Amino acid sequence: MNAILMLQDGKIFSGKTTGPIKEVIGEVILNTAVVGYQEMATDPANRGKILVLTYPLVGNYGINPKFNESPQWQLSGLVVKETSRIISNWQAKTSLEDFAKKQDALILHKVDTRSLAVYLRHKGEMLGIIAGLSSDPKALLAKIDTYRKSQTRDLIRATSTAKSSYLGSNRARQKIAILDLGVTTDLLAQLQSLGAGIFILPHTATAKEITKTKAGGLIISNGPENDVSLEKIAETIRPLLGAIPILGISTGLHVLALAMGAKISRMKLGHHGINYPVAHPGSFKAEITVQNHSFVVDSDSLDKIKNVKAVGYHLNDRTIEEVANNKLRCMGIQYYPQSPGKGQVHSVLKRFMHQCATK
Amino acid sequence: MIGSGPIIIGQACEFDYSGSQACKALKEEGYFTILVNSNPATIMTDPGLADVTYIEPLTVEIVEKIIKKERPDAILPTLGGQTGLNLAYFLMKEGILKKYGVESIGASVDAISRAEDRLLFKKAMQEIGIDMPKSGIARSTEEGMRIGLEIGFPLILRPAYCLGGAGGATVYNKQELEKFLEKGLSVSPVHQVLVEQSVLGWKEIEFEVIRDSADNVVIITSMENVDPMGIHTGDSMVVAPAQTLTAQEYNEFVDLSRKIIRKVGVTGGGANIQFGQNPDNGKIVIIEVNPRLSRSSALASKATGFPIARVATKLAVGLTLPEVINQITGKTSSFFEPTVDYCVFKICRFTFEKFPQAERVLNTSMKAVGEAMSIGRNFKEALQKGIRSIEISRFGFGCDSKDSITDQLLKNPGPLLLQQIKDKIRVPNDERIFYLRYAIKAGLSIDEIYSLSKIDRWFLDNMKQLVELEEKIKAARATSRDAEPEISVDVLREAKENGFSDRQLAYLLNSKEDVVRQIRKKQNIKAAYKLVDTCAGEIDAEKPYFYSTYETKDESRASNKKKVVILGGGPNRIGQGIEFDYCCCHASYALKEENIESVMVNCNPETVSTDYDTSTRLYFEPLTLEDVLNIIELEKPIGVIVQFGGQTPLNLAVSLRKAGVHILGTSAENIDIAEDRERFKRMLQKLNLLQPDNGTAFTFEEAKGVARRIGYPVLVRPSYVLGGRAMEIVYDETTLEKFITEAAKVSGDHPILIDKFLEDAIEVDVDLLGDGERFVVGGIMEHIEEAGIHSGDSAMSLPTFTLSADILNKIREAACKMAKELNVVGLMNVQFAVKDDKAYVLEVNPRASRTVPFVSKVIGVPLAKLATKVMLGKTLEELKFTKEIIPTHFAVKESVFPFNRFPGVDIILGPEMKSTGEVMGIDADFGLAYIKSQIAAGQNLPRKGNVFISVRDKDKRTVIFIAKKLHELGFRLYATEGTADALSKNGIPVKILVKIAEGRPNVLDLMKDGKIQLVINTPSGRIPRQDEVKIRSQVILHNIPYVTTISAAQATVNGIEILLKKDLKIKSLQEYHRSAARKTKG
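On a predicted model such as this, the values are computed, not experimentally measured, just so you know.

Things to note about the overall build of chain A
Then comes step 1: The helix and strand tally for chain A stands at 11 helices and 19 strands.
Then comes step 2: Computed over its C-alpha atoms, the radius of gyration of chain A comes to 20 Å, within 12% of the 21 Å expected for a compact globule of 359 residues.
Then comes step 3: With respect to the principal axes defined by its C-alpha atoms, chain A has extents near 65 × 45 × 40 Å.
Then comes step 4: Sorting the 359 residues of chain A into buried and exposed places 56% on the buried side.
Then comes step 5: Excluding contacts between residues fewer than 6 apart, the proportion of contacts in chain A whose partners are at least 24 apart in sequence is 74%.

Here is the structure:
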């Protein structure tokens, strides 16, 4: 059905929904990756967002539940140029459209996503609303406004686990704890393949509860950014700094940085894609990373903190991508420690597990 | 730097593109560069690009001389294709690199060996746990048979160190295995053939990867072959990025690619990695790795905007990826994986029509001579644009009035038709794309078509969507051609978004192209231009290029400055190749010097003209009227250059002028005089110039009358064609009738041209530059082969080597007279035939010719650049080019042929052009220059051994002198009965060989055993004898030097004599030009 995406500043992009129209509001973000729509749609960090894919042909290889990063569709809306009417891959179980339909999710297609991307590049990421073509623009703007004002940004409550659980063998040589802000399947799979036993703790877990697990290290997982609960989680882990090795991943890094006293700031246009270069001071060796963030650790505020160093930065815009505090045995990465290949583990996770093992 | 030599199938102008980028990249870093390439038509061999330029044969012997003289610190072998890589490998093997302390950069010798030596490669892949198809290396036929039978059929054979799959084959049984093993072993320079399990029908996935010395690796793009495994990737339709891989699969390919480039050991450069993937279970095997710049890397560069050659060169000299800036964005580093927000489609141009005896099927041996790339916001749009880009008179995915099977027939296909369609999609061939449409229309299901073709269902379904849309459009069909069709805005928009051209719409709507255009404009459905910016819009790019699509927002950046549109030549084909791209680039350079913006339109991803920094703005678009007009309407240039891109833009000239576009240079009206036979004839009469007697005819009856009047033999051809397409010398009426039935098909509404054929005349080519007032000859070239052989196939010498001053003056005078009459502003090419001290005008082309780069290199004057400036209003006086330069050195241009790709095709030359490329030999005298040209063209001329001679009666008198010389030089002669008779009578010792059918050992056996070092064989007539054809195909199979004309035989034998007496010397182009300049001054 004919529909529109209206941005917070009133700019309208038209398209069609693949299913029935419902109005949804969310932060509009871009992702420039050519593949991975299923992973993005089910990534808890994307909860509530309106995700625009810049690659125009989406759904070609269908959906297989095993690629889910979480059991459910996390987006408010997915905006694309063209959805494939055929699925063609030996692993495909269902189509993107059917998958969305089952999850009662909204896909807006036939949108000039290139123009939308360029527009957001100029104006910066902002809120948007997907609605029927005949909606009253003024009313839509008012809705966005109301949303913006009342937005509690309390999403981690939904993406985090409700209760603690343990994954892996009880006799695992190494045990670690994950503070779950919206942990992904990929992260758990990598840690498991290292043979680790994993305590998955809700974001509300107290320092005491974390210590009680006797885990050799703590990972603060990725999850929705700029959430109301982040400050509170930072409070929780502050006493743990130096007590056990900590790894913060993406939004987890934000928590770690806040705990250490740094600030988090918003970028005009976030990094969302699989092609971001991260360099390390003093080294010619850099790496290509997967990223999905609109907020970064504020570099000035980080400089003021003792013993903490930015050890990785985005090669082009120099934003902080990796932080280390060797004294406190803390590290954080802004990018995703995505598995580099079948059954393989990202070097950061290996490094962290190694650190956890050495006393 | 080693270039790739002549354009051949599998190695085209993509290496000029990468070589030019490399030259520039090294200069930027302050290196002194020495270049060797035998191909004069390249931009890279323009003096000025490298510090020292050698146009010399690419042999170990010659390159060693250059190394000895220039003493380079390093050699960069990765930009010259397989030729460059092989040459470097042999320089290493023979210890030459070591001797002179030259380091191989870009790809170390070890890395080259690991990728090219099948055994080492296999071992390396095993070590990193990557599967390969089951295989074994055969060094002999017996070994190959053993391996093959063990693995089981079908099998793929790949000769080692061979380019573009030359000699490769898919074999299905014992006989074929044996046959192709023999062939493969003989073509492989190291006599090895890989016998491999066939993964026919698997997905073919490619990745372009770059790695630097700090071990940083980036993936430039993935590519998916629409045609699955079994067809050479150079012949396949390809999309970028891959469309049917899951994120996890993509990730796995990336991981493998990184592991492979590390294992192979590329430490400062790029590699193309080809994988096969089983579509049923995802199993991946590695097919091959090319640790160098390649056709695929050129395509990947153009598809993403990432200049792989430039970056790879910087890495080769030690820079790291983070240090190299991405010039497209102008602000980010090259350590960044490009991403796209469009679909790129590559489609190939074939020339089976040139080789009617060749089997019209595609396999693992590459046959395409060119390619076009198109960009769309979806696959359907890119597919349709791609089809109209390859200029086969098709305007999209069918429904353009050119379909060979009508919709009517397809509605109710009989069993025969159905079988034909099924066969055509099962056995890969150049028309398969259209048969896929017929199959869909005939009601075959996607699954059925998939099981026949193994083309992924995703692509097939997209094609089906086009067919469905076609029906939707047809519903709005107008009742008569004059009535305006009533098509809804929505359907019209949908059609344009899916790539339908106005031509297709006009056909479907029973209307006319310009009417559709008007309707479109009225509805405000106009092309929007989007960017190739390496980053999917994430960064505001400084130097992007453009493609059209139908979207809401136009991102074009047309300025208000003075600008000129240059129309490029489109895909390479026989008759229109790199020479024209060279000219287009020079137009851009000239415009830059004149401070005028250049706007390039082209769709050939192999070229320098489609490089991001050649012109002010680049539009990657098909060269059809619709697409070109869209750009002109947007850019509003002061004029359009149609003179340089060959026949492609010239064919648009009249329509463009009708649309009110200003054509720069010689007027469209005068171009038409030269192209229109009758008008041209009247002009020559007026100027009192000679022309072979001629006439035109529309029917056989008319033709018969003309031929009788002017007398046989006659040269017949359709008008408005390129490269002598369907041109033939006819000796009698029966042949004439046969020709006319064929030719009528080729030329449509145009008549057949009939000329008196001047036997044994000397053909002469003249390139001339005019400013409307003054006309200066650029060069007069004398052909080595006699008239009747297409000028594009002839060897020719500049300056001339037998013509008298008197005849040269006649030629000059005639050329200038015609140029004046046609008021030539820019370039003009004239072909003359000289007979009995008379110069006959054969043809005039008021445009850049194939020889412009050759002449420019020889005389040291960039003719195309000057021509551009002349078109902009400069006079030749202002440009200081007022006098013909007659060089004191000699240069010979020789053509290179693709016969080894078309088994069964006779290798004789005629009026129809067959060559794909050219080389140049340059030296102090004609003999030396000629011999260099032969060596450069791959004729490994013998210094001793046995020569087989067999000539037609007409040539027997002349061949005596040739044979005598050969005998004196110590060669042993073999001949067939007739020729032997003539030789013995003249006291020349010769061994008679029995006719092939009459017993053994015959000449075929001798050739097989390597006992014949040179073959001189002139064809006996239009329909050659079976023996001759067998001999000539054996020559190709065993790579034996050969000549098929008596004049070439003469030059060759003279050359051999020189070769025996003198050592070949080298001299750079800059040295030639300097000494020429000194002489002019003196």
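Quick notes on the overall build of chain B
Then comes step 1: Of regular secondary structure, chain B possesses 37 helices and 39 strands.
Then comes step 2: For chain B, whose C-alpha radius of gyration is 28 Å, the value lies close to the compact-globule estimate of 31 Å for 1082 residues.
Then comes step 3: Taking the principal axes of the C-alpha coordinates as reference, chain B spans close to 80 × 70 × 65 Å.
Then comes step 4: Taken across its 1082 residues, chain B has 61% of its residues classed as buried.
Then comes step 5: Counting only contacts in chain B whose residues sit at least 6 apart along the sequence, the fraction spanning at least 24 positions is 70%.

Focus: the interface of chain B and chain A
Then comes step 1: Facing 47 residues of chain B, the contacting portion of chain A comprises 42 residues.
Then comes step 2: Top contributing element to the side of chain B that touches chain A by residue count: helix H9 (residues 247-264) of chain B, with six residues.
Then comes step 3: Among the residues making up the side of chain B that touches chain A, the classes are represented as 16 nonpolar, 15 polar and 16 charged.

Some details on helix H18 (residues 489-497) of chain B
Then comes step 1: The set of residues buried in H18 of chain B consists of Leu492, Ala495, Lys496 and Glu497 of chain B.
Then comes step 2: Gly499 of chain B occupies a position one or two residues after H18 of chain B and carries a positive phi of about 85 degrees.

A word on the domain arrangement of chain A
All names here are of chain A.
Then comes step 1: Once the domains are mapped, chain A shows domain 1 (2-150) and domain 2 (156-357).
Then comes step 2: For domain 1 and domain 2, the distance between their C-alpha centroids amounts to 27 Å.
Then comes step 3: At the junction of the two partners, domain 1 supplies 16 residues and domain 2 supplies 20 residues.
Then comes step 4: Elements with a contribution of two residues or more to the side of domain 1 that touches domain 2: strand E3 (24-31) and helix H3 (113-123).
Then comes step 5: No other element matches the three residues that E3 contributes to the side of domain 1 that touches domain 2.
Then comes step 6: In the side of domain 1 that touches domain 2, the residues fall into six nonpolar, five polar and five charged.

Some details on the pairing of strand E25 (residues 714-718) of chain B
Residue and element names in this part refer to chain B.
Then comes step 1: With five of its five residues buried, E25 lies for the most part within the structure.
Then comes step 2: Burial of E25 is two-sided: the residues Val714, Val716 and Pro718 facing one way and the residues Leu715 and Arg717 facing the other way are all buried.
Then comes step 3: As judged from the three bridges shared by E25 and strand E26 (residues 728-730), these two strands associate in the antiparallel manner. Residue pairing for E26: Leu715 is matched across the bridge by Ile729.
Then comes step 4: Note that E25 and strand E27 (residues 752-756) share five bridges and pair antiparallel. Looking across to E27, one finds that Leu715 is bridged to Asp755.

Points about the sheet that holds strand E12 (residues 269-277) of chain B
All names here are of chain B.
Then comes step 1: One open sheet accounts for seven strands, arranged E13-E12-E9-E10-E11-E16-E17; its pairing is antiparallel. Either end of the sheet is taken by a strand with one partner, and the two such strands are strand E13 (284-290) and strand E17 (370-376). Pairwise comparison of adjacent strand axes, ignoring direction, gives a mean angle of 25 degrees for this sheet.
Then comes step 2: Of the strands in this sheet, strand E9 (203-211), strand E10 (217-225), strand E11 (238-240), E12, strand E16 (343-349) and E17 touch helix H10 (residues 295-304), which is tilted by about 100 degrees from E10.

Here's the deal with H10 of chain B
Then comes step 1: Most of H10 of chain B sits out of view: 10 of its 10 residues are buried.
Then comes step 2: A positive backbone phi angle near 95 degrees is found at Gly305 of chain B, which sits one or two residues after H10 of chain B.

A look at the packing of helix H1 (residues 14-28) of chain B against helix H11 (residues 308-316) of chain B
Residues and elements named next belong to chain B.
Then comes step 1: Axis separation between H1 and H11 bottoms out at 8 Å; the angle between their running directions is 45 degrees. Considering their axes alone, H1 and H11 lie oblique with respect to each other. By crossing handedness, the relation of H1 to H11 is classed as right-handed. Along the contact surface, H1 presents Tyr17, Ser18, Gln21, Ala22, Ala25 and Leu26, while H11 presents Ala309, Arg310, Thr313 and Lys314.
Then comes step 2: In terms of residue class, the contact of H1 with H11 is built from five nonpolar, three polar and two charged.

Observations concerning the nonpolar core
Buried together is how nonpolar side chains tend to be arranged in soluble globular proteins.
Then comes step 1: One finds Leu218 of chain A together with Phe832 and Leu973 of chain B to be the most contacted residues of the largest nonpolar core, which totals 454 residues.
Then comes step 2: Of all the elements, helix H21 (residues 578-593) of chain B adds the most residues to this core, at nine residues.
Then comes step 3: Residues within four places of Leu973 of chain B in sequence aside, it is in contact with Val947, Ile949, Ala963, Leu966, His967, Leu983, Ile988, Pro989, Val990 and Lys991 of chain B.
Then comes step 4: Formed by 19 residues, the second largest nonpolar core is a distinct cluster that contains Ala138, Ile156, Leu157 and Val193 of chain B.

Some points on the environment of Ala45 of chain A
All names here are of chain A.
Then comes step 1: Counting through the fold element by element, Ala45 comes out in the loop between helix H1 (37-41) and strand E4 (50-53).
Then comes step 2: With 164 residues separating them along the chain, Ala45 and Glu209 place their C-alpha atoms 24 Å apart.
Then comes step 3: Contacts of Ala45, omitting those with residues within four sequence positions, involve Gly182, Asn222, Gly223, Pro224, Ser250, Thr251 and Asn292.

A closer look at the sheet that holds strand E24 (residues 694-697) of chain B
Residue and element names in this part refer to chain B.
Then comes step 1: Strand order across the open sheet formed by four strands is E24-E27-E25-E26, with antiparallel pairing between neighbours. Strands at the two margins of the open sheet, each flanked by one partner only, are E24 and E26. If you compare each strand with its neighbour and ignore which way they point, the axes differ by 25 degrees on average.

A short note on the packing of helix H15 (residues 432-441) of chain B against helix H17 (residues 457-474) of chain B
Residues and elements named next belong to chain B.
Then comes step 1: Running from amino to carboxyl end, H15 crosses H17 at an angle of 70 degrees, the nearest separation of the two axes being 10 Å. As judged from the angle between their axes, H15 and H17 are roughly perpendicular. In this structure, the crossing between H15 and H17 has a hand that is right-handed. Side by side, H15 and H17 meet where Leu436, Arg437, Ile440 and Lys441 of the first sit next to Leu460, Met463, Lys464 and Val467 of the second.
Then comes step 2: Of the residues assigned to the contact of H15 with H17, the class counts are five nonpolar, no polar and three charged.

Observations regarding the environment of Lys563 of chain B
All names here are of chain B.
Then comes step 1: Within the secondary structure, Lys563 is located in strand E20 (residues 563-567).
Then comes step 2: Since 20 C-beta atoms lie within 10 Å of it, Lys563 is described here as buried.
Then comes step 3: Separated by 33 residues in the primary sequence, Lys563 and Ile596 place their C-alpha atoms 5.3 Å from one another.
Then comes step 4: Among residues more than four places away in sequence, those in contact with Lys563 are Ile596, Glu597, Val599, Glu635, Pro637 and Ile638.

Things to note about unusual backbone geometry
Excluding glycine, residues mostly have negative phi values, and the peptide bonds linking residues are mostly trans.
Then comes step 1: The step from Phe153 of chain B to Pro154 of chain B runs through a cis peptide bond, and the omega angle for that step is -5 degrees.
Then comes step 2: Look at the link from Ala240 of chain B to Pro241 of chain B: it is a cis peptide, with omega at -5 degrees.
Then comes step 3: Inspection of the secondary structure puts Pro241 of chain B in the loop between E11 and H9.
Then comes step 4: Phi angles above zero are rare outside glycine, and Asn226 of chain A is one such case at about 55 degrees.
Then comes step 5: Considering the arrangement of structural elements, one finds Asn226 of chain A in the loop between strand E13 (218-220) and helix H8 (229-237).
Then comes step 6: Asn226 of chain A gets classed as partly exposed once you count the C-beta atoms within 10 Å, which come to 16.
Then comes step 7: The backbone of Ser401 of chain B sits at a positive phi, close to 75 degrees, despite the residue not being glycine.

Looking at the confidence of the model for chain B
Then comes step 1: Counting all residues, the mean pLDDT for chain B is 92, and 98% of those residues have values of 70 or more.
Then comes step 2: With pTM at 0.94, the complex prediction returns an ipTM value of 0.97.

Calculation criteria
Residues numbered from 1 in each chain as written. Chains lettered and ligands numbered in written order. Predicted model: local features only at pLDDT ≥ 70, side-chain atom pairs only at ≥ 80, totals over all residues. Helix = DSSP H or I, 4+ residues; strand = E, 2+ residues; numbered from the N terminus. Rg over C-alpha atoms; globule rule 2.2 N^0.38 Å. Buried ≥ 20, exposed ≤ 12 C-beta atoms within 10 Å, placed from the backbone. Contact = placed C-beta atoms within 7 Å. Nonpolar A, V, L, I, M, F, W, Y, C, P; charged D, E, K, R; others polar. Domains from an automatic or database assignment. Pairing = 2+ DSSP bridges. Axes fitted to C-alpha atoms, helices over the stretch in contact; angles between N-to-C directions. Parallel < 35°, antiparallel > 145°, perpendicular 65-115°, else oblique. Left-handed = near helix turned anticlockwise from the far one by under 90°. Core = buried A, V, L, I, M, F, W, Y, C linked by C-beta atoms within 7 Å. pLDDT = per-residue confidence, 0-100.

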